[in-house]
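# Notes for the structure review
Residue strings, one per chain:
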Amino acid sequence: MEDTLLLPDKEKDVSLAFDANTSSQDNEENAEPLLEKGNNFEHDLFEKQDSCSFDFDVDGSGVENRVAIKRQLSLLHAVSIMVGVIIGSGIFVSPRFVLADSGSVGMALIIWTLCGVIALLGALCYCELGTMLGKSGGEYIYLKTAFGPLPAYVFSWTDVWFMRPVSAAILTLTFANYLAKLFSISSVLVIKIMAAMCLSAVTAINCISVRAAARLQVFFTAIKLLALAILVAIGLGKLSQGQTESFKSPFQGTTNNLGRIGHAFYSGLWAYDGWNQLNLITEELKEPHTTLPRGVVIAVPLVTFCYLTMNIAYLAILSPNEMTHSNAVAVMAASKVGITLKFLMPLIVALSCFGAMNGSSFVTGRTLFSMAREGQMPGCFAMLHKQFRTPFPAILFRSFLALLMLIPSDISMLISWFGFGTWIFYLATFVSLIVLRFKLPSEPRPVKVNICIPLIMTLVSIYFVLVPFLDKPLDSVYGLCVILTGIPVYLVFIKCTNGANFFTKTMSKATVWVQVLCNVAKAARE
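### Notes on the overall build of the chain
- Across its full length, the chain holds 19 helices and 7 strands.
- By residue count, 59% of the 526 residues in the chain fall in the buried class.
- Of the contacts formed within the chain by residues at least 6 apart in sequence, a portion of 80% connects residues at least 24 apart.
- Of the accessible surface of the chain, which amounts to about 20,600 Å², a share of 66% is contributed by carbon and sulfur atoms.

### A short note on the packing of helix H6 (residues 149-182) against helix H7 (residues 188-208)
- Relative to each other, H6 and H7 sit at 125°, their axes nearing to 8 Å. When the axis of H6 is compared with that of H7, the two are oblique. Considering how the two elements wind past one another, H6 and H7 form a crossing that is right-handed. Here H6 contributes Thr-172, Leu-173, Phe-175, Ala-176, Asn-177, Leu-179 and Ala-180 to the contact with H7, which in turn contributes Ile-191, Lys-192, Met-194, Ala-195, Cys-198 and Leu-199.
- Its residues assigned to classes, the contact of H6 with H7 shows 10 nonpolar, 2 polar and 1 charged.

### Thoughts on helix H9 (residues 258-271)
- Compared with an ideal rise of 1.5 Å per residue, which puts 14 residues at 20 Å, H9 spans 20 Å between its outermost C-alpha atoms and is within 8% of the ideal.
- The complete set of buried residues in H9 reads Ile-261, Gly-262, Ala-264, Phe-265, Tyr-266, Ser-267, Gly-268, Leu-269 and Ala-271.
- Where H9 begins, the side chain of Asn-257 points an oxygen toward the backbone nitrogen of Arg-260, at a separation of 3.1 Å.

### Examining the environment of Met-383
- Position of Met-383 among the secondary structure elements: in strand S5 (residues 383-385).
- When the C-alpha positions of Met-383 and Gln-515 are compared, they lie 7.9 Å apart, and in sequence the two are 132 residues distant.

### Things to note about the packing of aromatic side chains
- Evaluation of the coordinates by the stated rule reveals 22 aromatic pairs.
- For the ring pair Trp-112 and Tyr-307, a centre distance of 5.5 Å and an interplane angle of 75° mean the geometry is edge-to-face. Of the two residues, Trp-112 sits in helix H4 (residues 105-133) while Tyr-307 sits in helix H10 (residues 288-317), which places them 195 residues apart along the sequence. The burial state of Trp-112 is the same as that of Tyr-307; both residues are buried.
- Measuring from centroid to centroid gives 5.4 Å for Trp-161 and Phe-397, while their planes differ by 85°, and the two rings are edge-to-face. Separated by 236 residues along the polypeptide, Trp-161 in helix H6 and Phe-397 in helix H14 (residues 392-405) bring together distant segments of the chain.
- Residue classification places Phe-397 among the buried positions, given a relative accessible area of 18%.
- An aromatic cluster of at least three residues, connected via ring pairs, comprises Tyr-126, Tyr-142, Phe-265, Tyr-266, Trp-275, Trp-423, Tyr-426, Phe-430, Tyr-463 and Phe-464.

### Re the confidence of the model for the chain
- Residues of the chain with pLDDT of at least 70 account for 81%, and the chain-wide mean is 78.
- Least confident of the elements in the chain is strand S2 (residues 16-19), whose mean pLDDT is 35; most confident is H4, at 94.
- In the predicted structure, residues 1-67 sits below a pLDDT of 50 and forms 177 contacts with residues beyond four places in sequence or in another chain.

### Some points on the side chain of Arg-164
- Within the element layout of this structure, Arg-164 appears in helix H6.
- Residues within four places of Arg-164 in sequence aside, it is in contact with Asp-159, Asn-276, Gln-277, Thr-364 and Arg-398.

How each quantity is defined
Residues numbered from 1 in each chain as written. Predicted model: local features only at pLDDT ≥ 70, side-chain atom pairs only at ≥ 80, totals over all residues. Heavy atoms only, no water. Helix = DSSP H or I, 4+ residues; strand = E, 2+ residues; numbered from the N terminus. Buried < 20%, exposed > 50% of the residue type's maximum accessible area, 1.4 Å probe, protein only. Contact = heavy atoms within 4.5 Å. Areas by Shrake-Rupley, 256 points an atom, 1.4 Å probe, with all protein chains shown as cover. Axes fitted to C-alpha atoms, helices over the stretch in contact; angles between N-to-C directions. Parallel < 35°, antiparallel > 145°, perpendicular 65-115°, else oblique. Left-handed = near helix turned anticlockwise from the far one by under 90°. Nonpolar A, V, L, I, M, F, W, Y, C, P; charged D, E, K, R; others polar. Expected span 1.5 Å × (residues − 1). Polar contact = N/O pair within 3.5 Å; in protein donor to acceptor, adjacent residues only side chain to side chain. Phe/Tyr/Trp six-rings, centres within 6.5 Å; stacked < 30°, edge-to-face > 60°. pLDDT = per-residue confidence, 0-100.

Printed below as a string of structure tokens:
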């Protein structure tokens, strides 16, 4: 039985075939030349695809059965994924830091609003790029199109090996810590085992079914919004009863220190992290030219409204002093309301983190898949499961890296430069939008933002890159060094002919084994 998987391409006719009835040695011989060709896919960057299509003979009858990453995500799924990814643990933790660094209640609420505006403007810039290029992969595709393969590889190197695994580890540890509070568990080992179980469960769901993962995301998003609405209703009830002490003299104590204001924005934007995630699954959205921008303009304002009302509710229940000195603002607020909510709030936060982890796992495996499909990562990561039609190896590998990040007892330094690294690549992406206006002026743009928006976002990104350098220069230098390690890796294993040949030959055997063990097939350009 021959498994041949094809990706549509107007200029090439290359297929990767593995005959299941031949020897492993024959399969490896078939794999090597095609993997080498995989490193020359850069000329296809500007081509759009309606779907990532894969054809193979399933039953040996000679009849081709089509396997594809289907466009099966509706607007509801898109909004649920985006809201679910953004609302994780941030709104339950960040309000303390935003209030402390801004110095006053009024300034804190303004910062939360401006963070929502920044997230919306950034997401609209990504909408133009996503609808113009039409590929999944997010920043990787945009940077490669605008600046070439090296900057794109450096981004993906950092994203695959460091940023996304750290983010996943933070979410799963937060999930485990809040669940541990519910059952009065204090053992660090047990908490880490719970975090690993959460990550494993989310990975299994996302490997088995795109539809099931999307439906689960809708469920968790609904539960999350309902829980937030209950807490907001309680807070508004307190306000109606005259508990408005926190809002008297709202701007008293406002800081004029730009560094502290910057940190307040960092904390707020951490809670908004995920506003760019829909661009990683562009090829799986139904009618992406309309679903992507509509999803953005619904999801980001909805999250902003939730965050503002949540902060108002917190301040109606707690004093500003109590809020700034609480390690878990939501839990403290719940404990002051009643014993029932005090018991339920850790569960709500845990479920929120689980939902965010599910959404994150759903979208982030696509970056690695896109890299491999463009020939800049081992070909085994550009495979789809024949039955489930999910990027099976890519999702498994990302989850494995996240599990490794659970091992250290302290990942605080990684967290400290996470935002710094993120904003460096946001900066590069906003600049890429401006560059592509001149580089591809005639390319159709279903969504086209005013040029002032990417210019504003570029200046905002520069500010957020400079803030940690001025405040914690050593941590920022460590983070920059981690990012720059991608350059020699690219030059040796991707750019250099000898290194690339060694790389592809070394991975060819692994590719065959992954195909056999995981029931997946390698994607090749048609």
